[in-house]
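Here are the chains, one letter per residue:
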Amino acid sequence: MSRFDGRVALVTGAGSGIGAACATRLAAEGACVGVLDVHAAGAKTVATAIRAHGGTAVALTCDVSEEKQVETAIGELLASFGRLDVVHSNAAALGRGTYGRDQDLESLDVAVWDRTMAVNLRGALLMVKHGAPVMADGGAFVITSSVSGMTGDVAHVAYGTSKAALTGFVRFVATRYGSRGIRCNGVAPALVLTEAAERALGPERLADKAAERLLPWACTPEDVAGLVTFLASDEARCITGQTVVIDSGTLAHRPEHALRQWRQDSE
Ligand SMILES: NC(=O)c1ccc[n+]([C@@H]2O[C@H](COP(=O)([O-])OP(=O)(O)OC[C@H]3O[C@@H](n4cnc5c(N)ncnc54)[C@H](O)[C@@H]3O)[C@@H](O)[C@H]2O)c1
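The structure presented is a predicted model; accordingly, all values stated were derived computationally and were not measured.

Visitor: Would you take a moment to explain the overall build of the protein chain for this structure?
Guide: When you go through the protein chain residue by residue, the secondary structure sums to eight helices and seven strands. Along the first, second and third principal axes, the C-alpha set of the protein chain runs to 60 × 45 × 40 Å. Put simply, 74% of the contacts in the protein chain that link residues at least 6 apart link residues at least 24 apart. Of the accessible surface of the protein chain, which amounts to about 13,200 Å², a share of 54% is contributed by carbon and sulfur atoms. The average position of the 25 basic charges and that of the 29 acidic charges among the side chains of the protein chain differ by 5 Å.

Here is the structure:
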């Protein structure tokens, strides 16, 4: 008996990276999965791969910031599988036009701020607003946040602020739906080695990131999928309202530690 046998899960931003790994893992553990992404081709590829491995999945094309599209996508999922048990709200605006232009605060185009908030924050709200009423009692929401919401930085103020807000949002959802046995938790990764992240950072910045963490390895999308599926499963039945950091020890120490270690290693 697998942990998600007979259950239905919806994963947003599932056409690539972390979302694709989470959808794949949920399906491997028995869930019927809605693979939702704004890019139809990505969602289709992931759903097809899941089915090729014997799982059950349907591709859903939807911009999570658009309320009508969210309602339609959830309707399509219910039409396919008849119930909803797990929602992993994971989509974020990470393109060149949003994250890429989310640089210094003083020159920030408010359109970048607004689009970032619309996808990262309103998208999560809409998933809960339309997902919770049709979710089975005892279901679970998992929301992808980031360590960027837990520290300051000289860039990415819109992205980091949206992720910080999600930590509060997780608590509001946990509070609103606790009496139905519906839980809500967040996962906050530091660098996750997705294809897009590796390409965007390049070797030099990847080396900087390596110097920041305590463990010799960075997280993979599959590591995050392990945490997401745990939080979505009955094994986490007493955990709600929490945002769990998964960062190979990036935030657990003082910056001086990383600096000292780096000096020692380079002697
Ligand atoms: N990769 C990392 O290092 C890292 C670190 C911390 C947090 N995160 C978070 O993990 C999540 C997934 O990121 P990833 O690294 O897998 O990136 P990714 O770019 O591989 O995946 C993001 C997916 O979201 C989709 N998407 C974007 N806007 C959307 C919208 N409006 N509606 C529906 N789908 C949309 C994209 O098409 C893409 O498939 C994000 O919430 C991100 O903030 C990533």
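Visitor: Sorry if this is basic, but what is going on with the environment of Gln 264 here?
Guide: Note that Gln 264 resides in helix H8 (residues 255–266). According to the relative accessible area criterion, Gln 264 is exposed, its value standing at 51%. Along the primary structure Gln 264 and Met 1 are separated by 263 residues, whereas in three dimensions their C-alpha atoms are 50 Å apart.

Visitor: I would appreciate a short explanation of the packing of helix H3 (residues 67–81) against helix H4 (residues 110–131) in the present structure.
Guide: To characterise two packed helices, one gives the angle between the axes of the helices and the distance between these axes. Running from N to C, H3 and H4 point in directions that differ by 45°, and their axes come no closer than 10 Å. By the criterion of interaxial angle, the relationship of H3 to H4 is oblique. Crossing geometry of H3 relative to H4 is assigned as right-handed. Between H3 and H4, the contacting residues are Glu 67, Val 70, Glu 71 and Ile 74 on the first element and Leu 126, Met 127, Lys 129, His 130 and Gly 131 on the second.

Parameters at a glance
Residues numbered from 1 in each chain as written. Predicted model: local features only at pLDDT ≥ 70, side-chain atom pairs only at ≥ 80, totals over all residues. Heavy atoms only, no water. Helix = DSSP H or I, 4+ residues; strand = E, 2+ residues; numbered from the N terminus. Contact = heavy atoms within 4.5 Å. Areas by Shrake-Rupley, 256 points an atom, 1.4 Å probe, with all protein chains shown as cover. Lys, Arg positive; Asp, Glu negative; His and termini not counted. Charge placed at Lys NZ, Arg CZ, Asp CG, Glu CD. Buried < 20%, exposed > 50% of the residue type's maximum accessible area, 1.4 Å probe, protein only. Axes fitted to C-alpha atoms, helices over the stretch in contact; angles between N-to-C directions. Parallel < 35°, antiparallel > 145°, perpendicular 65-115°, else oblique. Left-handed = near helix turned anticlockwise from the far one by under 90°.

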